[in-house]
Amino acid sequence: MKRFVFVAAIALYFIATVVWIASDRRISRQAFGDYSTANTGDAGLSHAYKYLQRTGRKTALLTTIVRPGVLPKNAVLFRAGIYVSPFLEELEERIEEEKEKQDAKKGKKPAKKKEPQVNPLLSDEEEEFIRGGGRLVLAVAGEAGPMETRNLTHRTAQKVFPMFAGVDSLVLPSPRGYTLKSLSPRMHALFTAGGHVVMARETMGRGDLIMIATPELLQNQHLSGSRVALLLGLAPKNRPVWFDEYVHGLASGDGTLAMMKDWGLGPFLLLGTLATALLFWRNGKRVGPPDEEYRDTRSDAVDLVRSLGALYQKSTTEAEALAQYRDALTRTVAAQSGLRGDALHRKVAELTGGGPPSMQTINDAFSKLSSRV
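Notes on the structure in this doc start here. Predicted model only: the values in this text are computed from it and were never measured.

Definitions and limits used
- Residues numbered from 1 in each chain as written.
- Predicted model: local features only at pLDDT ≥ 70, side-chain atom pairs only at ≥ 80, totals over all residues.
- Heavy atoms only, no water.
- Helix = DSSP H or I, 4+ residues; strand = E, 2+ residues; numbered from the N terminus.
- Buried < 20%, exposed > 50% of the residue type's maximum accessible area, 1.4 Å probe, protein only.
- Contact = heavy atoms within 4.5 Å.
- Areas by Shrake-Rupley, 256 points an atom, 1.4 Å probe, with all protein chains shown as cover.
- Phe/Tyr/Trp six-rings, centres within 6.5 Å; stacked < 30°, edge-to-face > 60°.
- Axes fitted to C-alpha atoms, helices over the stretch in contact; angles between N-to-C directions.
- Parallel < 35°, antiparallel > 145°, perpendicular 65-115°, else oblique.
- Left-handed = near helix turned anticlockwise from the far one by under 90°.
- Nonpolar A, V, L, I, M, F, W, Y, C, P; charged D, E, K, R; others polar.
- Salt bridge = Lys/Arg side-chain N within 4 Å of Asp/Glu carboxyl O.
- Lys, Arg positive; Asp, Glu negative; His and termini not counted.
- Polar contact = N/O pair within 3.5 Å; in protein donor to acceptor, adjacent residues only side chain to side chain.

### What about the overall build of the protein?
Per the secondary structure count, the protein includes 12 helices and 11 strands. Out of the 373 residues in the protein, the part that is buried amounts to 34%. Restricting to contacts in the protein with at least 6 residues of sequence separation, those with at least 24 account for 71%. When the accessible surface of the protein is split by element, carbon and sulfur atoms take 57% of a total near 24000 Å².

### A word on the packing of aromatic side chains
By the definition in use, this model includes 4 aromatic pairs. Ring plane angle 15° and centroid distance 5.1 Å describe the contact between Phe78 and Phe243, whose orientation is recorded as stacked. With a gap of 165 residues between them, Phe78 in strand β2 (residues 76-80) and Phe243 in strand β11 (residues 241-244) connect regions that are remote in the sequence. Neither residue differs from the other here; Phe78 and Phe243 are each classed as buried. Arranged with centres 5.5 Å apart and planes meeting at 20°, the rings of Tyr325 and Phe366 form a pair that is stacked.

### A look at helix α3 (residues 46-54)
Of all the positions in α3, only Ser46, Ala48, Tyr49 and Leu52 are classed as buried. Turning to α3, the residues buried within the fold contact β1 (59-62), β2, α6 (226-234) and β11. Gly56 lies just past α3 and shows a positive phi near 90°.

### A short note on the packing of helix α10 (residues 318-337) against helix α12 (residues 359-371)
Where α10 meets α12, the axes come as close as 10 Å, and the angle between the chain directions of the two elements is 15°. It follows from the interaxial angle that α10 and α12 lie roughly parallel. α12 is crossed by α10, and the crossing has left-handed handedness. Residue-level contacts link Leu322, Tyr325, Arg326, Ala328, Leu329, Thr332, Val333 and Gln336 of α10 to Met359, Ile362, Asn363, Ala365, Phe366 and Leu369 of α12. Considered class by class, the residues forming the contact of α10 with α12 number 10 nonpolar, 3 polar and 1 charged.

### Examining the pattern of salt bridges
For the coordinates displayed, the defined rule picks out 8 salt bridges. Two residues, Arg79 and Asp244, come together in a salt bridge whose shortest N-O distance is 2.7 Å. Residue Arg79 is located in strand β2, and its partner Asp244 is located in strand β11; the two are separated by 165 residues in the primary sequence. The burial state of Arg79 is the same as that of Asp244; both residues are buried. Taking the shortest distance from any N to any O, the salt bridge between Arg186 and Glu202 comes out at 2.9 Å. Of this pair, Arg186 sits in the loop between β7 (176-178) and β8 (188-193) while Glu202 sits in strand β9 (residues 196-204), placing them 16 residues apart in sequence. Taking the relative accessible area as the measure of exposure, Arg186 reaches 60% and is therefore exposed.

### Concerning the side chain of Glu245
Mapped onto the fold, Glu245 is located in the loop between β11 and α7 (256-263). No salt bridge forms around the buried Glu245; measuring N to O, its nearest opposite-charge neighbour Arg79 is 10 Å away. A polar side-chain atom of Glu245 sits 2.8 Å from a polar atom in the side chain of Ser36. When neighbours within four sequence positions are excluded, Glu245 is seen to be in contact with Ser36, Thr37, Ala38, Leu61, Leu62 and Leu250.

### Here's the deal with the side chain of Arg135
Here Arg135 shows up in strand β3 (residues 135-139). Separated by 3.4 Å, the side chain of Arg135 and the backbone oxygen of Gly233 make a polar contact.

### Overview of unusual backbone geometry
In this model, Tyr35 sits at a positive phi of 70°, which is unusual for a non-glycine residue. Within the element layout of this structure, Tyr35 appears in the loop between α2 (26-30) and α3. What makes Tyr35 buried here is its relative accessible area of 9%. If you check the backbone angles, Phe164 has positive phi at about 65° while not being a glycine. With respect to the element layout, Phe164 can be found in the loop between β5 (156-159) and β6 (169-171).

Below is the structure:
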């Protein structure tokens, strides 16, 4: 009887603890980090998640790294907060720790730590997801791979690209923009403030990447008015919406079988087993003469450039070619600076020296763009 009372008391204690933790509203505000959908405080993204859910969009949480088969092809993935690359940083830390342990066993002094290398903006799996038709929204407050930000004095960002109907300007809670030198040449500005790009977009395959230098726009305390319209524009109603919680520590422990299923390795392993059995059965005997070892190593890109050069030379005059080259410079300046109209033409004239266009002046203008901050 005493043993039963003791066990019952322990069970009652655990049940009461769980009920108390579950009913405490401060847990969801303080236990989860900023920009997490589980954070219901001012710095969380719970309102954005719930609002998209109530407007008929299919919403879900990503609790693992992006890999093939996890996200739908047309999904919109939000990743908000300080940029972290767990795939590279964790691997580098493990390698460094293992090397230090081996050096300590051999009695060697620890080597000086090298300067941290700049991480690429996207992993191979993330780029594959975008090219397949997905949209990745990276809303980060600091550096993200090669992307660099700076604080701004202008608190209002103006739309410079016809996207997001109903949103012409945005009041920035924490004005911040990207430096021009960190923008990819394939990116174009969506919103600018004081000549700096606040939001940029890059198309990749059938999808696109959207960079937001002021992630505070999506936080609970600032989500109202035009920012709600921006949220709806980023996540169209006909596309499933996912929020990346893996970077905020909400990771799921998928087993080996689940990972193999997501990666599609089951049929591959079965085929490999059958091929190995067939190889041993034939005892490695060759049938017929061996194949030739010759392999063409020429680059298709070289042939393509030569063909295009010959085509342009035959179909256009020198003046037409220079005009097209100048138009390419104008579009590049517009994408990087957000300028339009007379201001854009004055900027192009400033870069080319104001004289008649020539191949050398336009080349010099492109060099100035690539080296300018």
